[in-house]
Amino acid sequence: SSASASPVQGNFSLAQSLAQEILLSRPHSPTVLLLDEANPVFALPPGVHMREALEKIPFIASFSSFIDESSAYADVILPDHSPLESWLDDAPESGTTQAVVSLAPPTMRPLHNTRAMPDVLLEIARQLGEDVSSALPWKPFEDMLKASFEELRGQFESAASLDAGAFWNKAQEQGGWWDAEEKFAPPAHPLAAAREPLRLSDPQFDGPEKDYPFHFLPFESQAFGDGSLAHLPWLQEMPDPLSTAMWSTWVEINPKTGDRLGIKQGDLVEVASQHGKLQAPALIAPGIAPDVVAMPVGQGHTNFTRYASGRGANPFSILAPMVVPETGSLAWAATRVKITKVGE
């Protein structure tokens with residue numbers, strides 16, 4: 001789903017369980033938290049109580065390059081390189097029988113006094129010694145990637161004629177490794193072994209329809225994604241393709257709904273659920289169903305540089321902490337709301 005682009009929301013059940021372990025002080029609950037490319041305080045519904053959980057953790061380290069709602073709770077901040085300064089690798093699911101592994105070396109030297117997150121973890125492993133150090137013996141991260149690709153080389157017949165150095169260089173030159181001639185059996189999906197067909201649960205919504213007559217639909221912003229790019233001023237000043245809005249947010253309402261409630265273009269409206277409320281100007285949008293109100297994700301940060309802080313409203317702040325049973329992800333479209341005009 002577009003609104004669950006954040007990895008925190010994609011693993012919502014795990015994040016929810018983590019918060020509960022910490023808040024209830026269960027045995028073996030974490031005492032150290034590492035934050036990397038995640039802002040759970042902003043991206044999770046208030047019912048998860050992630051903010052309170054972070055306040056209880058004895059030690060937090062963040063690899064963020066910018067202070068945000070979550071890294072503000074960190075005891076130490078170790079800024080990571082930017083993506084252009086970092087080694088990037090992935091093994092995406094191509095959807096075919098062809099195996100694909102991607103690789104990209106840094107395109108520029110680090111501009112500031114930053115350090116790659118994997119290098120920090122490898123150094124910590126070395127200092128821990130014993131089993132941890134022997135399991136992660138590489139230094140730097142580039143050596144770890146080389147070892148991984150050397151192991152991969154034996155799985156490709158087309159790479160058999162290349163030595164380790166040539167295979168590594170070729171992978172960097174073409175951005176990874178794949179071979180259109182070789183075919184691989186796709187890995188068995190866990191559900192493939194099920195004896196019965198997958199049964200999907202009926203839709204469940206938070207909030208009684210008579211009190212909260214509208215479905216609330218947060219959607220990913222074309223400029224800010226899941227909100228992690230809202231601190232970039234050149235994206236803030238880029239007009240939205242449909243609304244032309246800049247440096248702001250809005251609530252999309254069907255024209256018939258607007259006429260019935262006396263809401264015109266630009267009127268300030270309040271959107272309220274059982275878990276909170278927010279205010280934003282109305283955008284009359286014929287493409288929205290009459291029983292739905294929609295809102296872009298990305299604004300509403302309370303602490304994310306001077307460009308994003310205190311700007312607009314965060315739709316995650318009024319969502320119900322509901323889970324999609326089949327996937328464990330956040331049920332981002334399951335919250336009912338009511339809307340009220342509060343000003344011109």
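Use the structure listed above.
Draft legend 1. Structural detail: helix α7 (residues 141-153). For α7, with 13 residues, the first-to-last C-alpha span of 19 Å sits near the 18 Å given by 1.5 Å per residue. When we look at burial in α7, the residues that qualify are Phe141, Leu145, Phe149, Leu152 and Arg153. When α7 is viewed along its axis, its buried side chains cluster within an angular range of 125° and face the same direction. Packed against the buried residues of α7 are β4 (88-90), β5 (100-104), α5 (117-128) and α8 (164-174).

Draft legend 2. Representation of the nonpolar core within the structure. Counting 37 residues, the largest nonpolar core has Met50, Phe216, Val251, Ile253, Val271 and Val293 as the members making the most contacts within it. Counting residues in hydrophobic clusters, the runner-up holds 14 residues, among them Phe141, Phe149, Leu152 and Trp168.

Draft legend 3. Structural view of the pairing of strand β1 (residues 32-35). Of the two faces of β1, only the one carrying Leu33 and Leu35 is buried; Val32 and Leu34 on the other face are not. Judged from the four bridges that link them, β1 and strand β2 (residues 59-62) form a sheet pairing that is parallel. The residue bridging Leu34 from the neighbouring strand is Ala61, located in β2.

Draft legend 4. Local environment of the sheet that holds β2. Sheet architecture is open: three strands sit in the order β1-β2-β3, paired in parallel fashion. Of all strands in the sheet, those bounded by a partner on one side alone are β1 and β3 (76-77).

Draft legend 5. Just the pairing of strand β7 (residues 214-219), in detail. Where β7 lies against strand β12 (residues 336-343), two bridges are found, and the strand directions are antiparallel. Residue pairing in the sheet places Phe214 in a bridge with Val337 of β12. By the bridge criterion, five bridges tie β7 to strand β11 (residues 292-296) in an arrangement that is parallel. From the neighbouring strand, Leu217 faces β11, where its bridge partner is Ala294.

Draft legend 6. Seen up close, the packing of aromatic side chains. Enumeration according to the criterion identifies five aromatic pairs in this entry. Judged by centre distance (6.0 Å) and plane angle (75°), the ring pair of Phe42 and Phe316 falls under edge-to-face. Linking Phe42 in helix α3 (residues 40-43) with Phe316 in the loop between α11 (305-308) and β12, this pair joins segments that are 274 residues apart in sequence. Accessibility classification places Phe42 together with Phe316 in one group, the buried group. With a centroid separation of 6.3 Å and an interplanar angle of 45°, the aromatic rings of Phe149 and Phe167 are classed as tilted. With Phe149 in helix α7 and Phe167 in helix α8, this residue pair connects regions lying 18 residues apart in the sequence. An aromatic cluster is built from Trp87, Phe149, Phe167, Trp168 and Trp177, whose rings are joined through pairwise contacts. Lying across the ring of Phe205, Arg336 places its NZ or CZ 5.3 Å from the centre.

Draft legend 7. Structural context of the environment of Ala125. Following the sequence through the fold, Ala125 ends up in helix α5. Judged by its relative accessible area of 3%, Ala125 is buried. Taking the C-alpha atoms as reference points, Ala125 and Ala135, separated by 10 residues in sequence, lie 8.5 Å from one another. Here Ala125 is in contact with Val132, Ser133 and Leu136, once residues within four sequence places are set aside.

Draft legend 8. Region of interest: a nonpolar patch on the surface. Together, Val32, Leu34, Phe59, Leu121, Ile124, Leu128 and Val132 line one region of the surface with nonpolar side chains, adding up to about 590 Å² of accessible area. Broken down by secondary-structure element, the contributors of at least two residues to the nonpolar patch are β1 and α5. Element by element, the count of residues in the nonpolar patch is highest for α5, at three residues. Of note, Leu34 is situated in strand β1.

Draft legend 9. Region of interest: the pattern of salt bridges. Summed over the entire model, instances satisfying the criterion amount to eight salt bridges. Residue Glu150 pairs with Arg153 through a salt bridge whose shortest N-O separation is 2.6 Å. Remark: Arg153 and Glu150 occur in helix α7; sequence separation between them is three residues, near one turn of the helix. For Glu150, a relative accessible area of 31% translates into the label partly exposed. Lys210 is the salt-bridge partner of Asp211, the closest N and O atoms lying 3.2 Å from each other. Ionic contacts of the salt-bridge type, sharing partners, join the residues Glu123, Arg126 and Lys139 into one network.

Draft legend 10. Up close: the sheet that holds β5. The strand order across the open sheet built from three strands is β4-β5-β6, with neighbouring strands paired in antiparallel fashion. Of all the strands in the sheet, the pair left with one neighbour each is β4 and β6 (176-178). When strand polarity is set aside, the average angle formed by the axes of neighbouring strands in this sheet is 15°. Looking at chain direction, β4 and β5 are connected through three bridges and run antiparallel. Directly across from Asp90, in β5, lies its bridge partner Ser102. Contacts between α7 and the sheet are confined to β4 and β5, with β5 contributing the most and set at about 155° to the helix. Packed onto the sheet, α8 meets β5 and β6 and runs at close to 100° relative to β6.

Rules used throughout
- Note on numbering: residues in each chain are counted from 1, in written sequence order.
- In keeping with the model being predicted, local features are shown solely for residues with a pLDDT of at least 70 and side-chain atom pairs are shown and tallied solely at 80 or more, while totals for entire chains, interfaces and linings include all residues.
- The side-chain quantities take in all heavy atoms of the structure and omit both hydrogens and water.
- Going along the chain from the N terminus, every DSSP run of H or I of four or more residues is numbered as a helix, and every run of E of two or more is numbered as a strand.
- Expected span, for any helix, means 1.5 Å times one less than how many residues it has.
- We call a residue buried when its accessible area falls under 20% of the maximum for its residue type, exposed when it is over 50%, and partly exposed in between, using a 1.4 Å probe and counting protein chains only.
- This arc describes the spread of directions from the helix axis toward the C-beta atoms.
- When checking whether two residues touch, look at their non-hydrogen atoms; a contact exists if any pair is within 4.5 Å.
- Working definition of a nonpolar core: buried Ala, Val, Leu, Ile, Met, Phe, Trp, Tyr and Cys residues. They are joined through side-chain atoms within 4.5 Å.
- A pair of strands is labelled paired if DSSP reports no fewer than 2 bridges between them.
- Each pair of aromatic rings taken from Phe, Tyr and Trp, with Trp reduced to its six-membered ring, is defined by centres within 6.5 Å and is described as stacked if the planes are under 30 degrees apart, edge-to-face if over 60, and tilted in the remaining cases.
- The criterion is that NZ of a Lys, or CZ of an Arg, lies within 6 Å of the ring centre and within 35 degrees of the ring normal, and then a charge sits over that ring.
- Each patch groups residues whose relative accessible area exceeds 30% and which form no salt bridge, using 9 Å between like charges and 5 Å between nonpolar side chains of Val, Leu, Ile, Met, Phe, Trp and Tyr.
- Accessible areas in this description were obtained via Shrake-Rupley with a 1.4 Å probe; residue shielding takes into account the shown protein chains only.
- The salt bridge definition used is simple: a Lys or Arg side-chain nitrogen within 4 Å of an Asp or Glu carboxyl oxygen.
- The angle between two axes is taken between their N-to-C directions and runs from 0 to 180 degrees, where each axis is a line fitted to C-alpha atoms and a helix contributes only its stretch in contact.

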